[in-house]
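Report on the structure
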Amino acid sequence: MADAAGHITARGVIAREVGKPGQVEEFTIDPPGPGEALVRILASGVCHTDLSVQNGVFGGDFFPVLLGHEGAGIVERVGEGVTNVKEGDYVILAWRAPCGECRFCLAGKLHLCAASLNAEKRMRTMDGITLQPVLGIGTFCTHTLVHSKQCVPVDESLPPEQMSLIGCGVMTGVGAALYSAKVEPGSSVAVFGCGGVGDSVIMGAKLAGATTIIAVDIDPKKLEWAKGFGATHLVNAREGDPVARIKELTGGFGVNYSFEAVGRPETTEQAIFCRDLAGTCTIIGVAGPTSTMKELPLGRFFDLGGALRVSWYGDCLPTRDFPLLATWYQHGKLDLDTVVTRIISLDEAQEGFHAMERGETLRSVIRL
Ligand SMILES: NC(=O)c1ccc[n+]([C@@H]2O[C@H](COP(=O)([O-])OP(=O)(O)OC[C@H]3O[C@@H](n4cnc5c(N)ncnc54)[C@H](O)[C@@H]3O)[C@@H](O)[C@H]2O)c1
Ligand SMILES: [Zn+2]
Ligand SMILES: [Zn+2]
């Protein structure tokens, strides 16, 4: 709903305080400024990062927060000077949009942009407090305001629930395999944590031609799902040391590529030490600012060689990769239908978090 001056009244899930479940509230959005776009959300995935934000894992400075950062929708209005999208475009929202001007962009490394574009803070609670949207987007809502460069158009025949997932979890996982780790054909891979992100790593590793893909989780149901996405071996970490089991499955050597998609110190350590010589370990899970790994035996670490790296957003370039992943979905190469485990309403966002904690879903998707 817009008033005469073009202010919109929207509805969204707002977390007011650290650790308190966010509730659906009305909030206001100013008309889009230069370079900005107002987007009507059609679908939003529920990513673990939203729950971490609500729980204060990233600190308490972000409240009140408009939750959600994995969304697809329709551009409803654009501000002055916007040329990359227009009213009516069907888009996936990106939480990174390269500025083109920072030291990384100038060096041609746009995926590392240090000044990613966001809209100005123009969304406020009804009592006038400026909202902080998660990762500069905010998608558990009817409408949101973003930088126009955060809008990436895709084929409008594709379903919004599946497309929304490309906005974070699926892109992160597939990109971590293809771009961060650069998995090679014929290689071996281990993935710790088979949620929406980990299963997308598995899909990415399969696309890259890995021939051994070991899924590690503590939940048998997650492991069954992982098999459907292309895992060749399943390891339940509750039933013994997963590193020893991975070694057993790889002729005693370990894997060429390991991925941590849980966000815990113990799985990070396991991901580091389940590698073969010169293997690459890629950290995707967000452990949070206070988490520490008690010990890193440097001798063992050195002797293994290889690389330890962090993957933000799968080192993707949304304008290149969102349409690519959408096309792979269309061609049946990415099974996003199975990742969309449950469709819920805006009022059920907290239920989406609980279902994730109980291990019942890969992704709940809020349909608006
Ligand atoms: N780096 C990035 O850019 C980026 C992007 C998106 C999400 N993330 C992070 O990735 C992580 C995964 O996100 P998700 O949405 O897939 O979460 P999720 O909750 O759906 O999945 C996590 C999985 O880890 C499993 N798990 C828990 N403890 C385990 C253990 N000890 N050993 C093995 N498996 C274990 C759970 O059973 C679950 O299947 C989160 O930390 C999230 O914040 C990072
Ligand atoms: Zn930049
Ligand atoms: Zn996410």
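Quick caveat, the model's predicted, so the values are computed rather than measured.

This part takes up the overall build of the protein chain. Scanning the protein chain from N- to C-terminus turns up 12 helices and 18 strands. A compact globule built from 368 residues should have a C-alpha radius of gyration of about 21 Å, and the protein chain, at 20 Å, falls within 12% of that. Each of the three principal axes of the protein chain carries a C-alpha extent, and together these read 70 × 40 × 35 Å. Classification of the 368 residues of the protein chain by burial places 55% in the buried group. Here the analysis covers contacts within the protein chain between residues at least 6 apart in sequence; of these, 70% occur between residues at least 24 apart.

This structure, assessed with the given rule, holds 17 salt bridges. Taking the shortest distance from any N to any O, the salt bridge between Arg-16 and Asp-127 comes out at 3.1 Å. Note that Arg-16 is positioned in the loop between β1 (8–15) and β2 (23–29) and Asp-127 in the loop between β7 (123–125) and β8 (132–133), a separation of 111 residues in sequence. In this structure, Glu-36 engages Arg-122 in a salt bridge whose closest nitrogen and oxygen atoms are separated by 2.8 Å. Placement of Glu-36 in strand β3 (residues 36–45) and of Arg-122 in the loop between α2 (103–106) and β7 is noted, with a sequence separation of 86 residues between them. Beyond isolated ion pairs, a larger network of salt bridges with shared partners links Arg-342, Glu-351, Arg-358 and Glu-360.

Here we take up the coordination of the zinc ion (ligand 2). Surrounding the zinc ion (ligand 2) are the protein donor atoms Cys-99 (SG), Cys-102 (SG), Cys-105 (SG) and Cys-113 (SG), which sit 2.3 to 2.4 Å from the metal. Every donor counted, the 4 donor atoms about the zinc ion (ligand 2) form angles of 104 to 117° at the centre, which fits tetrahedral coordination. Positions of the donor residues of the zinc ion (ligand 2), expressed as sequence spacing, correspond to C-x2-C-x2-C-x7-C. One end of the pair, Cys-102, is in the loop between β6 (90–93) and α2; the other, Cys-113, is in the loop between α2 and β7, with 11 residues separating them in the sequence.

Within strand β18 (residues 363–367), 4 of the 5 residues are buried, which leaves it mostly tucked inside the rest of the structure. Where β3 and β18 come together, 3 bridges link them in antiparallel fashion. Counterpart to Ala-43 in the pairing with β18 is Arg-367. Where strand β17 (residues 340–344) lies against β18, 4 bridges are found, and the strand directions are parallel. Bridge assignment links Val-340 to a residue of β18, and that residue is Arg-363. Crossover β17 to β18 through helix α12 (residues 349–357) is right-handed.

Let us now look at the packing of helix α5 (residues 196–207) against helix α6 (residues 220–229). Where α5 contacts α6, the axes come no closer than 9 Å and their chain directions differ by 25°. Put simply, α5 runs roughly parallel to α6. Considering how the two elements wind past one another, α5 and α6 form a crossing that is right-handed. Contact residues: Asp-199, Ile-202, Met-203 and Lys-206 in α5; Trp-225, Ala-226 and Phe-229 in α6. Grouping the constituent residues of the contact of α5 with α6 by class yields 5 nonpolar, no polar and 2 charged.

The next thing to look at is the domain arrangement of the protein chain. According to the domain assignment, the protein chain contains domain 1 (8–167 + 335–367) and domain 2 (170–314). Facing the 20 residues of domain 1 at the interface are 20 residues of domain 2. Regarding the contact of domain 1 and domain 2, the summed buried area is about 1600 Å², with carbon and sulfur atoms giving 69% of it. Counting the surface domain 1 buries against domain 2, the share from its top three residues, Trp-95, Gly-359 and Leu-362, is 28%. One can count 3 residue pairs in polar contact (both at pLDDT 80 or more) joining domain 1 with domain 2. Those elements that place two or more of their residues in the side of domain 1 that touches domain 2 are α3 (160–166) and α11 (336–339). Looking at the side of domain 1 that touches domain 2, the element that brings in the most residues is α11, giving 3 residues. When grouped by side-chain class, the residues that make up the side of domain 1 that touches domain 2 number 11 nonpolar, 5 polar and 4 charged.

The residue Asp-89 is located in the loop between β5 (71–78) and β6 in this model. Counting along the chain gives 278 residues from Asp-89 to Arg-367, while the straight-line C-alpha distance between them is 18 Å. Contact partners of Asp-89, with chain neighbours within four places excluded, come to Gly-73, Ile-74, Val-75 and Pro-153. A distance of 3.0 Å separates the side chain of Asp-89 from the backbone nitrogen of Lys-86, its partner in a polar contact.

A separate point is the pairing of β5. The pairing of β3 with β5 spans 7 bridges and is classified as antiparallel. Across the sheet, residue Val-39 finds its bridge partner in β5, namely Val-75.

Counting residues in each nonpolar core, the largest one holds 80 residues, and the members touching the most others are Phe-27, Cys-151, Met-163, Val-183, Ile-202 and Phe-259. The greatest single-element share of this core, amounting to 6 residues, is contributed by β3. Taken together, domain 1 (8–167 + 335–367) and domain 2 (170–314) each give at least three residues to this core, which thus spans both. Apart from residues no more than four positions distant in its own chain, Val-183 is found in contact with Ala-177, Val-189, Ala-205, Ala-208, Ala-210, Tyr-257 and Phe-259.

Another point: helix α4 (residues 169–180). Burial analysis of α4 places 10 of its 12 residues in the buried class, which makes it a mostly covered element. Buried within α4 are the following residues: Gly-169, Val-170, Met-171, Thr-172, Gly-173, Val-174, Gly-175, Ala-176, Ala-177 and Ser-180. Phi for Lys-182, located one or two positions after α4, is positive at around 55°.

Parameters and conventions
- Residues numbered from 1 in each chain as written.
- Chains lettered and ligands numbered in written order.
- Predicted model: local features only at pLDDT ≥ 70, side-chain atom pairs only at ≥ 80, totals over all residues.
- Heavy atoms only, no water.
- Helix = DSSP H or I, 4+ residues; strand = E, 2+ residues; numbered from the N terminus.
- Rg over C-alpha atoms; globule rule 2.2 N^0.38 Å.
- Buried < 20%, exposed > 50% of the residue type's maximum accessible area, 1.4 Å probe, protein only.
- Contact = heavy atoms within 4.5 Å.
- Salt bridge = Lys/Arg side-chain N within 4 Å of Asp/Glu carboxyl O.
- Donors = N, O, S within 2.8 Å, 3.2 Å for Na, K, Ca; no water.
- Tetrahedral: all angles 85-135°; square planar, octahedral: opposite > 155°, others 65-115°.
- Pairing = 2+ DSSP bridges.
- Right-handed = clockwise from strand over helix to strand, strands pointing away.
- Axes fitted to C-alpha atoms, helices over the stretch in contact; angles between N-to-C directions.
- Parallel < 35°, antiparallel > 145°, perpendicular 65-115°, else oblique.
- Left-handed = near helix turned anticlockwise from the far one by under 90°.
- Nonpolar A, V, L, I, M, F, W, Y, C, P; charged D, E, K, R; others polar.
- Domains from an automatic or database assignment.
- Buried area = accessible area lost by both parts, 1.4 Å probe.
- Polar contact = N/O pair within 3.5 Å; in protein donor to acceptor, adjacent residues only side chain to side chain.
- Core = buried A, V, L, I, M, F, W, Y, C linked by side-chain atoms within 4.5 Å.

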